[in-house]
Amino acid sequence: MKKGIVYFLIVFIMLTGCSITSEKDKEQRITVSAVSIGAVEPEQSNFDKQKLTYEITVANEDDISIVHTVNVIPSMDIKERLIEIKKQGIKYNEDTIEINGEIIIDSKGLTKEEIANLAHIKGLQFIGDNNKEYLLVNNLAE
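All values reported here derive from a predicted model rather than from experimental measurement.

1. Comments concerning the overall build of the protein
Part 1 of the reasoning: Within the protein, the regular secondary structure consists of three helices and seven strands.
Part 2 of the reasoning: The secondary structure elements of the protein, listed N-terminal to C-terminal, are α-β-β-β-α-β-β-α-β-β.
Part 3 of the reasoning: Looking at the protein residue by residue over its 142 residues, the buried ones come to 29%.
Part 4 of the reasoning: Looking at the protein alone, contacts between residues at least 24 apart form 66% of all its contacts between residues at least 6 apart.

2. Focus: the nonpolar core
Across soluble globular proteins, you tend to see nonpolar side chains buried next to one another.
Part 1 of the reasoning: One finds Y54, V58, I99, I103 and L124 to be the most contacted residues of the largest nonpolar core, which totals 21 residues.
Part 2 of the reasoning: Contributing elements (two or more residues each) for this core: β2 (49-59), β5 (96-106), β6 (121-127) and β7 (133-137).
Part 3 of the reasoning: In this view, I99 contacts Y54, E55, I56, V58, I66, V70, Q88, G89, I90 and L124; residues no more than four positions away in its chain are not counted.

3. Concerning the sheet that holds strand β3 (residues 71-74)
Part 1 of the reasoning: Overall, antiparallel pairing links the three strands, which are arranged β3-β6-β7 in an open sheet. A single partner strand is all that each edge strand has here, and the edge strands are β3 and β7. Within this sheet the neighbouring strands show an average axis-to-axis angle of 15 degrees, counted without direction.
Part 2 of the reasoning: Inspection of the sheet shows β3 paired to β6 by four bridges, in the antiparallel sense. Note that in β6 the partner of I73 across the bridge is G123.

4. Some points on the side chain of Q28
Part 1 of the reasoning: Residue placement: Q28 occurs in the loop between α1 (2-19) and β1 (29-39).
Part 2 of the reasoning: A distance of 3.4 Å separates the side chain of Q28 from the side chain of N60, its partner in a polar contact.
Part 3 of the reasoning: A distance of 2.7 Å separates a polar side-chain atom of Q28 from the backbone nitrogen of D62.
Part 4 of the reasoning: Setting aside residues up to four positions removed in sequence, Q28 forms contacts with V58, A59, N60, E61, D62, D63, I64, Y134 and L136.

5. Observations concerning the packing of aromatic side chains
Part 1 of the reasoning: For the structure shown, the criterion picks out one aromatic pair.
Part 2 of the reasoning: Considering the side-chain rings of F126 and Y134, the 5.2 Å spacing of their centres and the 25 degrees angle between planes classify their relative orientation as stacked.
Part 3 of the reasoning: The exposure class of F126 is buried, given its relative accessible area of 2%.
Part 4 of the reasoning: Judged by its relative accessible area of 4%, Y134 is buried.

6. Concerning the environment of K49
Part 1 of the reasoning: With respect to the helices, strands and loops of the structure, K49 is situated in strand β2.
Part 2 of the reasoning: A relative accessible area of 46% means that K49 is categorised as partly exposed.
Part 3 of the reasoning: Here the alpha-carbon distance between K49 and L82, two residues 33 residues apart in the chain, equals 9.8 Å.

The rules we used
- Throughout this description, residue numbers start from 1 for each chain and increase along the sequence as written.
- Per-residue local features of the predicted model are confined to residues with pLDDT of at least 70, and side-chain atom pairs are confined, for both listing and counting, to 80 or more; whole-chain, interface and lining totals are unaffected and use all residues.
- Neither water nor hydrogens contribute to the side-chain values; these are computed over all heavy atoms in the structure.
- The secondary structure listing takes helices from DSSP runs of H or I that are at least 4 residues long and strands from runs of E that are at least 2 residues long, numbered from the N terminus.
- Exposure categories follow from relative accessible area, calculated using a 1.4 Å probe and restricted to protein chains: below 20% of the type maximum is buried, above 50% is exposed, and the middle band is partly exposed.
- Contacts: residue pairs with any heavy atoms within 4.5 Å of one another.
- Residues grouped as a nonpolar core are buried Ala, Val, Leu, Ile, Met, Phe, Trp, Tyr and Cys residues, joined through side-chain atoms within 4.5 Å.
- We call two strands paired when DSSP finds no fewer than two bridges between them.
- The convention used is that axes are lines fitted to C-alpha atoms, helices contributing only their stretch in contact, and that angles between N-to-C directions extend from 0 to 180 degrees.
- For the purposes of these results, a polar contact is taken to be a pair of N or O atoms within 3.5 Å, where, inside protein, one atom must be able to donate a hydrogen and its partner to accept one; residues adjacent in sequence count only when each atom of the pair is a side-chain atom.
- Aromatic contacts are taken between Phe, Tyr and Trp rings whose centres are within 6.5 Å, Trp giving its six-membered ring; a plane angle under 30 degrees counts as stacked, one over 60 as edge-to-face, and the others as tilted.

Purely spatial values, then, with no claim about function.
Here it is, written out as structure tokens:
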């Protein structure tokens, strides 16, 4: 009898332990965020404009397609120097959405260190084909 209870408990723990997924893991969220910053034109000698290139991966738990343009939410420092947001790409994979693009900023008067410290994307906002609006905070940003 004791052996049966022990086996039952072991099987129960294994089944429930392997199948529990937190609700947080089952929602749209940013899983990867990569940002780089550099010259707008590699050959340029004037560095008053810089190009921030970003690639963000979203876990697509709701299995959606994005029906409206993704609004990238840059840090406040970038917003104050924003010139243009361009070349936004969206790629759908089996369970992720990859979003990339470029942000051109005015870097006049900034040191290299100050420019490097600007490279932060705070989040994304978009509407899915399920008619739901998503606002995702980038917890991976510094």
